[in-house]
Amino acid sequence: MPENSTEVTAAGIARLAGVGRAAVSNWRRRHADFPKPVGGTETSPSFALPEVEQWLRDQGKLAEVPLRERVWQQLAGHPAGAVPALVHTGCALLLVRDRPTAWLEITAVSDGRMATVLHLALNDLLTARFGPATEAGDGSGGGTSGCVRAVHTPTADELLPSVPLLRAAAELAAETGARQAFEFLLGRQLDANPRQFTLTPPGLAELMAALVETGGRPARTVLDPATGTGALLRALSRPTALYAQDADPDLAALTALRLALNSTVESCTVAVRAGDTLRADAFPQLAVDAVLCHPPFNERNWGHDELAYDPRWEYGFPARTESELAWVQHALAHLREGGTAVLLMPPAAASRRSGRRIRADLLRRGALRAVVALPAGAAPPYGIPLHLWVLRKPGAGVRPSPELLLVDTAEPAEPATATTATPASGGRDRLDWQAVRSAVLDAWEPFDRAERTGPEPDAPLDRTGQDRPGVSRVVPVIELLDDDVDLAPARHLPPPTAGGGPAELTRVRDRLTETLRLTATLTPPLADLSDPAHWPLTTVGELARAGALQLRTGGSGTGPGPVLTEYDVLGSTAPSGTLPATPASTDGPPEEPVLVEPGDVVVPVLGGGTVARVIDEATAGAALGRNLQLLRPDPAALDPWFLAGFLRGTANNRQASSYASTATRLDARRLQLPRLPLAEQQRYGAQFRALAAFEDALRLTGRLGGQLVQGMYDGLTDGTVTPK
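In this text, all values refer to a predicted model and were calculated from it rather than measured experimentally. (Residues numbered from 1 in each chain as written. Predicted model: local features only at pLDDT ≥ 70, side-chain atom pairs only at ≥ 80, totals over all residues. Heavy atoms only, no water.)

Draft legend 1. Seen up close, the overall build of the protein. What the protein contains, in helices and strands, is 23 helices and 25 strands. When contacts within the protein are restricted to residue pairs at least 6 apart in sequence, those whose partners lie at least 24 apart make up 72%. Counting only carbon and sulfur atoms, one obtains 52% of the accessible surface of the protein, whose full area is about 33900 Å². (Helix = DSSP H or I, 4+ residues; strand = E, 2+ residues; numbered from the N terminus. Contact = heavy atoms within 4.5 Å. Areas by Shrake-Rupley, 256 points an atom, 1.4 Å probe, with all protein chains shown as cover.)

Draft legend 2. Local environment of the pattern of salt bridges. Going through the model one piece at a time under the given rule, you end up with 27 salt bridges. R353 serves as the salt-bridge partner of D484, at 2.7 Å between the closest nitrogen and oxygen. Placement of the pair is D484 in the loop between α17 (477–480) and α18 (502–522) and R353 in the loop between β10 (335–345) and α15 (356–364), with a sequence separation of 131 residues. A residue is classified by how much of its surface remains accessible, and D484, at 36% relative accessible area, is partly exposed. Within this structure, R648, E695, D696 and R699 form a network of salt bridges that share partners. (Salt bridge = Lys/Arg side-chain N within 4 Å of Asp/Glu carboxyl O. Buried < 20%, exposed > 50% of the residue type's maximum accessible area, 1.4 Å probe, protein only.)

Draft legend 3. View of the environment of R364. Along the chain, the position of R364 falls in helix α15. A C-alpha to C-alpha distance of 8.3 Å links R364 and S401, two positions 37 residues apart in sequence. What R364 contacts, discounting residues up to four positions off in sequence, is P400 and L481.

Draft legend 4. A look at helix α5 (residues 82–98). With 17 residues, α5 should reach 24 Å at 1.5 Å per residue; the first-to-last C-alpha distance of 24 Å fits that figure. Most of α5 is tucked away: 14 of the 17 residues are buried. (Expected span 1.5 Å × (residues − 1).)

Draft legend 5. The packing of α18 against helix α23 (residues 678–718), seen in detail. Viewed as axis vectors pointing N to C, α18 and α23 meet at an angle of 155°, and their least axial separation amounts to 9 Å. With respect to each other, α18 and α23 are oriented roughly antiparallel. In this structure, the crossing between α18 and α23 has a hand that is left-handed. In this structure, α18 uses L505, V508, R509, R511, L512, T515, L516, T519 and L522 to contact α23, whose residues at the interface are A693, F694, A697, L698, L700, T701, L704, G705, Q707, L708, G711 and M712. Residues that form the contact of α18 with α23 fall into these classes: 13 nonpolar, 6 polar and 2 charged. (Axes fitted to C-alpha atoms, helices over the stretch in contact; angles between N-to-C directions. Parallel < 35°, antiparallel > 145°, perpendicular 65-115°, else oblique. Left-handed = near helix turned anticlockwise from the far one by under 90°. Nonpolar A, V, L, I, M, F, W, Y, C, P; charged D, E, K, R; others polar.)

Draft legend 6. Structural context of the sheet that holds strand β20 (residues 613–614). Within the open sheet, the 4 strands sit side by side as β16-β22-β19-β20. Their pairing is antiparallel. Each having just a single partner strand, β16 (549–553) and β20 make up the two edges of the open sheet. The strands touched by helix α21 (residues 640–647) within the sheet are β16, β19 (601–604), β20 and β22 (628–633), with β19 carrying the most contacts at an inclination of about 15°. (Pairing = 2+ DSSP bridges.)

Draft legend 7. Main features of the packing of aromatic side chains. Taken as a whole and assessed by the stated rule, the structure comprises 13 aromatic pairs. Seen from their ring centres, W444 and F447 are 5.8 Å apart, and the 35° between their planes marks the pair as tilted. In this pair, W444 and F447 both sit in helix α16 (residues 433–452), 3 residues apart, roughly one turn of the helix. Judged on exposure class, the residue W444 and its partner F447 are both buried. (Phe/Tyr/Trp six-rings, centres within 6.5 Å; stacked < 30°, edge-to-face > 60°.)

Draft legend 8. Fine view of the side chain of D361. Summarising the element assignment, D361 is placed in helix α15. With sequence-adjacent residues up to four places away left out, D361 is seen in contact with E314 and Y315.

Draft legend 9. Expanded view of the sheet that holds strand β1 (residues 7–9). Spatial ordering of the open sheet is given by β1-β3-β2, a layout of 3 strands whose pairing is antiparallel. Strands at the two margins of the open sheet, each flanked by one partner only, are β1 and β2 (39–40). For β2 and strand β3 (residues 45–48), the ladder comprises 2 bridges, and the chain directions are antiparallel. Directly across from G40, in β3, lies its bridge partner P45.

Draft legend 10. Local environment of the nonpolar core. W103, L118, F130, V151, L344, L374 and L388 are the most contacted members of the largest nonpolar core, which totals 95 residues. By residue number, the principal contributor to this core is α5, which donates 11 residues. Aside from chain neighbours lying at most four places away, what touches F130 is L94, R149, V151, A256, L257, A260, V270 and R273. Formed by 45 residues, the second largest nonpolar core is a distinct cluster that contains A341, M345, L363 and A367. (Core = buried A, V, L, I, M, F, W, Y, C linked by side-chain atoms within 4.5 Å.)

Draft legend 11. Representation of the environment of L49 in the model. In this structure, L49 sits in helix α3 (residues 49–58). As a C-alpha pair, L49 and T9 span 40 residues in sequence and 9.0 Å in three-dimensional space.

Draft legend 12. Inspection of the side chain of T277 at higher detail. Residue position: T277 is located in the loop between β8 (269–274) and β9 (288–293). T277 gets classed as buried once you look at its relative accessible area, which sits at 3%.

Draft legend 13. Broad picture of the confidence of the model for the protein. Summary statistics for the protein give a mean pLDDT of 84 and a share of 86% for residues scoring 70 or more. Averaged over each element, pLDDT in the protein is lowest for strand β4 (residues 134–135) (62) and highest for helix α14 (residues 323–333) (97). Across residues 136–146, confidence stays below pLDDT 50; counting only partners more than four residues off in sequence or on other chains, it has 25 contacts. Segment residues 584–588 is flagged for pLDDT under 50; beyond a separation of four residues in sequence, or across chains, it makes 17 contacts in the model. (pLDDT = per-residue confidence, 0-100.)

Draft legend 14. View of the pairing of strand β7 (residues 241–246). The element β7 is extensively covered by neighbouring structure, given that 6 of its 6 residues are classed as buried. Across the two faces of β7 the burial is the same, with A241, Y243 and Q245 and L242, A244 and D246 all buried. Bridge count for strand β6 (residues 221–224) against β7 is 4 bridges, and the pairing is parallel. Bridge assignment links L223 to a residue of β7, and that residue is Y243. Judged from the 6 bridges that link them, β7 and β8 form a sheet pairing that is parallel. Looking at β8, one finds that A241 is bridged to T269.

Draft legend 15. Representation of the environment of E206. Summarising the element assignment, E206 is placed in helix α11 (residues 202–212). A residue is classified by how much of its surface remains accessible, and E206, at 43% relative accessible area, is partly exposed. Along the sequence, E206 and R437 sit 231 residues apart, while their C-alpha atoms lie 8.7 Å from each other. Setting aside chain neighbours within four positions, we find E206 in contact with A235 and R437.

Draft legend 16. Structural context of unusual backbone geometry. At the junction of P380 and P381, the peptide bond is cis and its omega measures out at -5° in the coordinates. Positive phi values are uncommon outside glycine, yet V485 reaches one of about 45°. Structurally, the position occupied by V485 is in the loop between α17 and α18.

Shown next as structure tokens:
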């Protein structure tokens, strides 16, 4: 085996061969010639990648390792670690993109010689792109004295073990593009280490960017003082200068390369620094058009004792427990007059008593312009409905605005039809970001436009039509300046009209009456009672091997169109998910999603419930979501309703389920069916179909009844409905 050969774990082997980890364990036990471990531990051994590739080819289990998979395995098994290898790769990809001729000349020599020449070429490129390695501050916002840029130039000795990886990464860039190649590798690294990073979801990043680019005015110069992986700055449309800082040097380096690869040399300056932003601001004199920030929450050790006299605390010295208000004032300190900042905040920051004086001063001076409550699941921590604060740097001699916009998307109103899903209310997997974005921008854009093009200084702004019950309200600041200065939107918004008003309650009641009649009609009679049948049985796995049905798993793919989620299957609702427009962590040809067809049977993989859904014409064409398995029967061999009905048997599910400490997982291949002629299957299928219609009617009855009851409670308590 070559020295420093890339190592791969059992999980990596499974990914290469397109199988589960259990298959790899079986190969190790059954094949004496399977490669021996070369590292790792007894419980998690690692193997030499070249030996594994050769064994898989010899066994006919692998025709050729996909290029992007080979590059990832080389990066993950790099002797210096995945992050340094990813930094080296990003530097090389930047050279490939910006100076392709120089790259070709560099790669035409031996590995040893290439490492030496590459060091010199990268030093020149990184200096041109990010500035000198150590720069003296000039007072213009370029940095502090002795500030070190985020990406240092790797030495020839550091580069030497990476040369095979860099050559392979350049091949991948030739297929997909340098930016896409880096995004794929970075995405894989983030996915492999989810607990090490606090990520900002793409939908949230796009919303925050839209708030600072309202009205078609792009933010040209933007700062993110807690940049993480750079998701917020990447969401901007046409910036000319991006500034970022992060306390983690590795993240700062990766973000600098990511932003540089996301833009061209001519169009955008990228300045990223590593360091503790609050204690050691890398851009002390910088004034930008916009600040975007997803700061760390609930930090006690943010520098309270050292920073008591810092000039940034223009609105008050934050308490030790109010680190978020320190980030708010840091953002305001870096805005030009009229510039906008958007920060993601924990909901407690809007109401904690320890921060009420700073909140009051932000309101009095017109710096805080809006507070937006997001649905739970918008960003980590996912169980809390976080807030967005929109701030604007007050201008000299400008009268502070006497109003604050409050928006609440945390509890979206139920739709008028109780059969429609409410994706925004069910956690991060069901967030309808388009609906959240529309609700926020529909409130913010007219509010912002009225301020920017408002009347004379002493005249009130026209806010006609900007208040939406239960969603948004423009609140006079004087109403908020009480002892608590509580800015939680839900506490100041008028409730939505009860159930849509008395007229809507009447419609719900009529519909409920109609559905109750239908439920009575659909109540199934008991079939003929008999002794338990003893059919010959088969399994879904055997049927799949015989070609009587196909098994597909959901959760991959990109593009437009709705997604059928596990919540939709459990609740028998319309597809409520969406696919990402671009791959999150892959940059080859995007995988095609699995689209459901009429007659398909879909079952949830997790949870242990007895649920199976037959796809109808209305649902056909949706993509199959995560944690779902699709069974596509051959109509000449299997009736779909017969299949779905027997899959729902309690005993059947028990014997096909495996149990862990936190979840139950269904192995669809182990589900059993009786061997019956097609005509007999269809007789059973008709009965199962009638049961499904009855179940849907019961479910609709419950929804309508709940809507009517809550609407009556709300109407009686707010006066829109009076007792009879």
